[in-house]
Amino acid sequence: MREAFMSTTMPAGERIEVRNPRSGQVDYAFDAPGEAELAVKLGEMRSAQPRWCARLLEERVAILQRWREEWLARQSEITAALAHDTGRYLIAISEVAAVTGMIDRWCALAPTLAIEQEQRSASLPTISYRSQYVPYALVGVISPWNFPVALCFIDAIPALLAGAAVFVKPSEVTPRFVGPAMRSIAAVPELAEVFHIQPGGRATGEQLVAGVDAICFTGSVATGRLVAANAARNFIPAFLELGGNDPLIVTASADLELATDVTLRATCLATGQACQSLERIYVDRRIYAPFVAMLVAKASRVELNWPDIHQGTLGPFIFGRQADIVAGQLRDALAKGARVLCGGEIEDHGGKWLRPTVLVDVTQDMQVMTDETFGPVIPVMAFDTLDQAIDWANEGLYGLSAGVIAGTLEEAEAIGRRIDAGGISLNDGSLTAMCHEMEKNSFKLSGMGGSRMGAAGYTRFFRRKVLIRQHGRPATIQSIAESNLSKGTSA
């Protein structure tokens, strides 16, 4: 299947073939935009942005609410395409449904944020000032393949409401949802002028960074470094949400049922293909044996969603190469002395699957502990002291999020305050994927730039311009004359 995303007579870019994650077969292809084609589209959007920005915020809210209705009208079509992209159905439903929630949330919040207010200077009584919020004219978004729809719109919607035009480049691994999504946008002409989604490869991403005024990127640290370097070269801000290798600390006072339930869900949700998945489990030695036994019993009962996408729990690896990376990490762990208690084998059913894989006898130097795994791998280590557990949790390159499970929330919070990560789930795991109201920053190599959570998810798309008012008489050149010192006056 081939789908055109822009109507143009200009030569297209490279033709990209796409594999079905369930069958492993190439069953889709598209043409990435050529350099001239993309330049024209970015130019058209930049020209349309002043009209969009000149609208009252209430008008932009109303237009996005109209788009919301078009999105709902095509929800089944978009969900079917997304399920094809990712090989999973229930999460596809939730992703598509989440977009209407994003629209409603930001439409409600935006009018309460970035409000101009006149203030008086504390040091200069005759001066007042007012801040003007000026949106970046053209915002680029580069989104990944693990949650293609949710991470396509999580940055785009607040940027649009701020008054920016937005061009999204979703991953070339999961492009099928783009066609029906773009049809929903095209049904709202005012929005279609300033909002475009088009998949492409690396060349498209590099040209996008060079052609916009701010860039949002979600993906790996390696690619994030390239995006940041290109953004710096073009002197634009980069908002980066990168990888994670999230630790979970389980204390001796923890409820074992709760702790193992959270561990299994938060390591295996979306087949572990989530930045905020728990990937390193540290358990107090006093409860280590029963914790592992209970976790293995629960993990062993989890079924793949194969051959029927509507049955089972775990979907395939969306990107087949990721299965090879996880397989290599498992080989490294076994070579260094780890043992597999369940799972552990990549299953080839055309596409590639992995059942929940519990590892014990792991050490901090193994790749499953140092690298982002992005698969349903659950390495469990015993700790003897809380300081040891916290030191282990704080090792490494990442600081996206973490979790603590303890007998009380107070105990969990005391530990969470010592962990170097941007969001700490207490007596749960991966809550940052569910709760977007609270602002957080990524620590270490897990990201940089303003938070996409909380109010900053909207205000980061503005530059602040201050308008400074002089209500008295301005100073004259005489105020800086050297002779003022001899007269005993101050400049």
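Residues numbered from 1 in each chain as written. Predicted model: local features only at pLDDT ≥ 70, side-chain atom pairs only at ≥ 80, totals over all residues. Heavy atoms only, no water.

S.K.: So what exactly am I meant to see when it comes to the overall build of the protein here?
M.R.: Each helix and strand in the protein was counted, giving 17 helices and 22 strands. Taken over C-alpha atoms, the radius of gyration comes to 26 Å for the protein, in line with the 23 Å a tight globule of 491 residues would show. Judged by the C-alpha coordinates and their principal axes, the protein covers about 85 × 65 × 35 Å. Put simply, the protein has 491 residues, and 55% of those count as buried. (Helix = DSSP H or I, 4+ residues; strand = E, 2+ residues; numbered from the N terminus. Rg over C-alpha atoms; globule rule 2.2 N^0.38 Å. Buried < 20%, exposed > 50% of the residue type's maximum accessible area, 1.4 Å probe, protein only.)

S.K.: Please explain the packing of aromatic side chains as it appears in this structure.
M.R.: For any pair of aromatic rings, geometry is given as the distance between the ring centres together with the angle between the planes. Per the counting criterion, the structure on display carries 13 aromatic pairs. Taken together, a centroid distance of 5.8 Å and an interplanar angle of 80° make the contact between Tyr133 and Phe462 edge-to-face. Residue Tyr133 is located in strand β4 (residues 127-135), and its partner Phe462 is located in strand β22 (residues 462-470); the two are separated by 329 residues in the primary sequence. Sitting above the plane of the Trp106 ring, Arg105 keeps its charged end 4.5 Å from the centroid. (Phe/Tyr/Trp six-rings, centres within 6.5 Å; stacked < 30°, edge-to-face > 60°. Lys NZ or Arg CZ within 6 Å of the ring centre and 35° of its normal.)

S.K.: Would you explain the sheet that holds strand β16 (residues 377-383) in this entry?
M.R.: In a beta sheet, neighbouring strands pair by backbone hydrogen bonds and run either parallel or antiparallel. An order of β12-β15-β16-β11-β10-β18-β19 is seen for the 7 strands of this open sheet, with the pairing classed as mixed. Among the strands making up the open sheet, the edge pair consists of β12 (339-342) and β19 (423-426). Between one strand axis and the next, the sheet turns through 25° on average, direction left out of account. Summarising the sheet, strand β18 (residues 401-405) and β19 pair through 4 bridges and their orientation is parallel. Within β19, the residue paired with Ala402 across the bridge is Ile424. (Pairing = 2+ DSSP bridges. Axes fitted to C-alpha atoms, helices over the stretch in contact; angles between N-to-C directions.)

S.K.: Teacher, can you tell me more about the side chain of Ser171 here?
M.R.: By the element assignment, Ser171 lies in the loop between β6 (165-169) and α6 (178-186). Here Val173 takes part through its backbone nitrogen, which lies 3.0 Å from a polar atom of the side chain of Ser171. Once residues lying within four places of it in the same chain are set aside, the contact partners of Ser171 are Ser143, Pro144, Trp145 and Pro199. (Polar contact = N/O pair within 3.5 Å; in protein donor to acceptor, adjacent residues only side chain to side chain. Contact = heavy atoms within 4.5 Å.)

S.K.: How should the pairing of β4 be read in this particular structure?
M.R.: The side chains of a regular strand alternate between both faces of the sheet. Direction of pairing for strand β3 (residues 118-120) relative to β4: antiparallel, over a ladder of 3 bridges. Bridge pairing in β4 links Glu118 to Arg130. Turn length for the β3-β4 hairpin, with the two strands adjacent in sequence and antiparallel, is 6 residues. Bridge count between β4 and β22: 9 bridges; the pairing is antiparallel. Counterpart to Tyr133 in the pairing with β22 is Arg464.

S.K.: Honestly, the environment of Val340 in this entry has me stumped. Any pointers?
M.R.: By the element assignment, Val340 lies in strand β12. For Val340, a relative accessible area of 31% corresponds to the partly exposed category. Along the primary structure Val340 and Thr357 are separated by 17 residues, whereas in three dimensions their C-alpha atoms are 6.9 Å apart.

S.K.: How do you make sense of the environment of Leu191 when you look at a structure like this?
M.R.: Tracing the backbone shows Leu191 in helix α7 (residues 189-192). Exposure remark for Leu191: the relative accessible area of 0% places this residue in the buried category. As for Leu191 and Trp52, which are separated by 139 residues in sequence, their C-alpha atoms are 8.3 Å apart.

S.K.: Explanation requested: helix α3 (residues 75-86) in the structure shown.
M.R.: Every α-helical turn comprises 3.6 residues, leaving residues that sit three or four positions apart pointing alike. In this model, α3 (12 residues) spans 16 Å end to end at C-alpha, consistent with the 16 Å of a helix rising 1.5 Å per residue. Among the residues of α3, those classed as buried are Ile78, Thr79, Ala81, Leu82, Ala83, Asp85 and Thr86. Where α3 is buried, its residues meet α2 (57-73), α4 (90-109) and α6. Where α3 ends, the next residue or the one after it, Gly87, has phi of about 75°, a positive value. (Expected span 1.5 Å × (residues − 1).)

S.K.: Could you clarify how one ought to interpret unusual backbone geometry in this entry?
M.R.: When glycine is set aside, most residues are seen to have a negative phi, and most peptide bonds are trans. A cis amide bond links Trp306 with the next residue in sequence, Pro307, at an omega value of 5°. With respect to the element layout, Pro307 can be found in the loop between α11 (285-299) and α12 (320-335).

S.K.: Please clarify how the pattern of salt bridges should be interpreted in this entry.
M.R.: Opposite charge on two side chains allows them to pair when their charged atoms are near. Within the structure shown, the criterion is met by 31 salt bridges. Between Arg55 and Glu59 there is a salt bridge, with its nearest N and O atoms 3.7 Å apart. Classification of Glu59 by relative accessible area gives partly exposed; the value is 34%. Here Glu118 and Arg130 are joined by a salt bridge, their closest N and O atoms 3.6 Å apart. With Glu118 in strand β3 and Arg130 in strand β4, the pair connects residues that are 12 residues apart, well separated along the chain. One salt-bridge network, held together by shared partners, links Glu116, Glu118, Arg130 and Arg469. (Salt bridge = Lys/Arg side-chain N within 4 Å of Asp/Glu carboxyl O.)

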